[in-house]
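Analysis of the macromolecular model
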Amino acid sequence: MPPPPSLSSLPIEIVLEILARVPKRFHPTLSCVSKTFRRLLRSPEIHKIRSLLRRDSLFICFVQKTDQQWFSLRRAENNNPTTEKNHFVSIDLAFPCQTEKEPSVVAIGPEIFFICGSFYPSSAMWVLDSRTGTFRRGPSSRAARLCKSVGVVGSKVYVIGSYRDDEIHVESFDARTNTWELAPVPEDQGWWSSDATVSLNRKVCALHFSSDANCYDTRDGSCESLGLPKGERLWRSRTGAYVMNNVLYVYYARFGLMWYDSEMRLWRVVNGLSHLNKVRSVAMAEYYGKLAFLWEDEVGVSGGTKEVWCRMIALERSEEGVDGIAEASQLLGSVPRGYILQHCLSVSD
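Please read these numbers as outputs of a predicted model, since none were measured by experiment. (Residues numbered from 1 in each chain as written. Predicted model: local features only at pLDDT ≥ 70, side-chain atom pairs only at ≥ 80, totals over all residues. Heavy atoms only, no water.)

Here's the deal with the sheet that holds strand 12 (residues 196-200)
- Overall, antiparallel pairing links the four strands, which are arranged 12-13-14-15 in an open sheet. The two strands at the open ends of the sheet, each matched to only one other strand, are strand 12 and strand 15 (223-227). Strand-to-strand twist of the sheet, defined as the mean angle between neighbouring strand axes without regard to direction, takes the value 25°.
- Judged from the five bridges that link them, strand 12 and strand 13 (residues 203-207) form a sheet pairing that is antiparallel. Residue pairing in the sheet places alanine 196 in a bridge with leucine 207 of strand 13. (Pairing = 2+ DSSP bridges. Helix = DSSP H or I, 4+ residues; strand = E, 2+ residues; numbered from the N terminus. Axes fitted to C-alpha atoms, helices over the stretch in contact; angles between N-to-C directions.)

Have a look at this one:
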């Protein structure tokens, strides 16, 4: 009796079309199936197919005092991939909680989670469905806390914060079961307030760009320090760090785009990007397999606005480290001069 047909028996073009339609949040699980799946899920071909399907987008937030303005970066609506450009579209997102001025914001799949507790203790969470633009009230956490650092590991949102007893505790929200649970208490009870928070190797890392990063292991609560490049403070730095394919990237105007070599435990400059503009206010996120590198430019802009630019950067590992290939700069649009880049989130079906 012949063995049942498998996905691997199909032509590679068909396999790519199938994998491209699987929600991106399931890609880490599929990567564990086989080396072939892992290679295909990271290939330029699958990102090109997803681009034609328009499955991914970026959500970008600017703030001015208590005012927020959100934009979405999406593919243009035409059928010629060689002439398509990214469209910067203003979207109306009215955050329902009027008492929360600066929630922590993370994304899992097509949903964006707003974790309250920035200035006053709160147990509230709101969830935005990026496909419909509608908010819903999520389940409250076990106790009110002041959010310090929020990161995503797999399908869970980890919140590291202080409670009434002033001790640092951790709760995790499972997006699949829609429930909160306690996570291991961090052995480091120090200062977890951060300029930016990223997730690396199942650890939530709170980055302090003037010093180092505290990394909390979600499996056992152990903590370690991750040294950051010395010599320059990352100004307006909340969006100046991103993890892509389990590699941490940060941008410094002095050094350029850098990546962390976790095996050698040192920072290295991405090769081939010496021509990048030296800018100070940067946002980064993954967009169809490439790093979307956004920045603000006030030079030559008259009136009360400034320009927002973007370059797509392909990143590839090589024997020399990580090589970057940057596409041409694209002007996305303008925002009021007083606005500051606050969030840049990659969302996908």
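Past the structure itself, the notes keep going.
Describing the side chain of histidine 208
- By the element assignment, histidine 208 lies in the loop between strand 13 and strand 14 (212-217).
- Exposure remark for histidine 208: the relative accessible area of 13% places this residue in the buried category.
- If we skip the residues at most four places from it in the chain, histidine 208 touches Trp191, Trp192, Ser193, Ser194, Asp195, Ala213, Asn214 and Leu228. (Buried < 20%, exposed > 50% of the residue type's maximum accessible area, 1.4 Å probe, protein only. Contact = heavy atoms within 4.5 Å.)

Here we look at helix 1 (residues 12-20)
- Buried within helix 1 are the following residues: Val15, Leu16, Leu19 and Ala20. For helix 1, the angular spread of the buried residues around the axis is 130°, confining them to a single face.
- Looking at the buried residues of helix 1, the elements they touch are helix 2 (27-31), helix 3 (35-41) and helix 4 (44-53). (Arc of directions from axis to C-beta.)

A few points about the packing of aromatic side chains
- One pass over the structure, following the stated rule, counts 14 aromatic pairs.
- Look at phenylalanine 62 and phenylalanine 71: their rings are 5.7 Å apart centre to centre, the planes differ by 90°, and that puts the pair in the edge-to-face class.
- Exposure remark for phenylalanine 62: the relative accessible area of 0% places this residue in the buried category.
- Looking at phenylalanine 71, the relative accessible area reads 8%, which means it is buried. (Phe/Tyr/Trp six-rings, centres within 6.5 Å; stacked < 30°, edge-to-face > 60°.)

Brief notes about the pattern of salt bridges
- Applying the stated criterion across every chain, the model contains 12 salt bridges.
- For the salt bridge of arginine 50 with aspartate 56, the shortest nitrogen-to-oxygen distance reads 2.6 Å. Each member of the pair, arginine 50 as well as aspartate 56, carries the same accessibility label: buried.
- One continuous salt-bridge network, built from bridges that share partners, spans Lys203, Glu224 and Arg265. (Salt bridge = Lys/Arg side-chain N within 4 Å of Asp/Glu carboxyl O.)

What to know about the sheet that holds strand 6 (residues 125-129)
- Pairing is antiparallel across the open sheet formed by four strands, whose spatial order is 4-5-6-7. Only two strands of the sheet have a single neighbouring strand rather than two, namely strand 4 (104-108) and strand 7 (134-137). With direction set aside, neighbouring strand axes in the sheet form an average angle of 25°.
- Examined bridge by bridge, strand 6 and strand 7 share four bridges and lie antiparallel to one another. Of the residues in strand 7, the one forming a bridge with leucine 128 is phenylalanine 135.

Structural notes on unusual backbone geometry
- For arginine 265, which is not glycine, the phi torsion reads 55° and is therefore positive.
- For arginine 265, the location among the structural elements is in the loop between strand 18 (256-261) and strand 19 (266-269).
- For tyrosine 288, which is not glycine, the phi dihedral falls at a positive 55°.
- With respect to the secondary-structure elements, tyrosine 288 resides in the loop between strand 20 (282-287) and strand 21 (290-297).

Here we look at the state of the cysteines
- Within this structure, the stated rule accounts for one disulfide.
- Bridging cysteine 205 to cysteine 215, the disulfide has an S-S length of 2.4 Å. Residues cysteine 205 and cysteine 215 share a disulfide whose torsion about the S-S bond is about 110°; that sign makes it right-handed. With cysteine 205 in strand 13 and cysteine 215 in strand 14, this residue pair connects regions lying 10 residues apart in the sequence.
- Given the relative accessible area of 1%, cysteine 205 is considered buried. (Disulfide = S-S within 2.5 Å.)

Notes on helix 4
- For helix 4, every residue scored as buried is listed here: Ile46, His47, Ile49, Arg50 and Ser51.
- Downstream of helix 4 by one or two residues, arginine 54 has phi in the positive range, about 55°.

Description of the side chain of serine 155
- Secondary-structure assignment places serine 155 in the loop between strand 8 (146-153) and strand 9 (156-162).
- Those residues in contact with serine 155 that lie beyond four places of it in its chain are Ile108, Phe173, Asp174, Ala175 and Arg176.

Treat this as a map of the structure, not an account of what it does.
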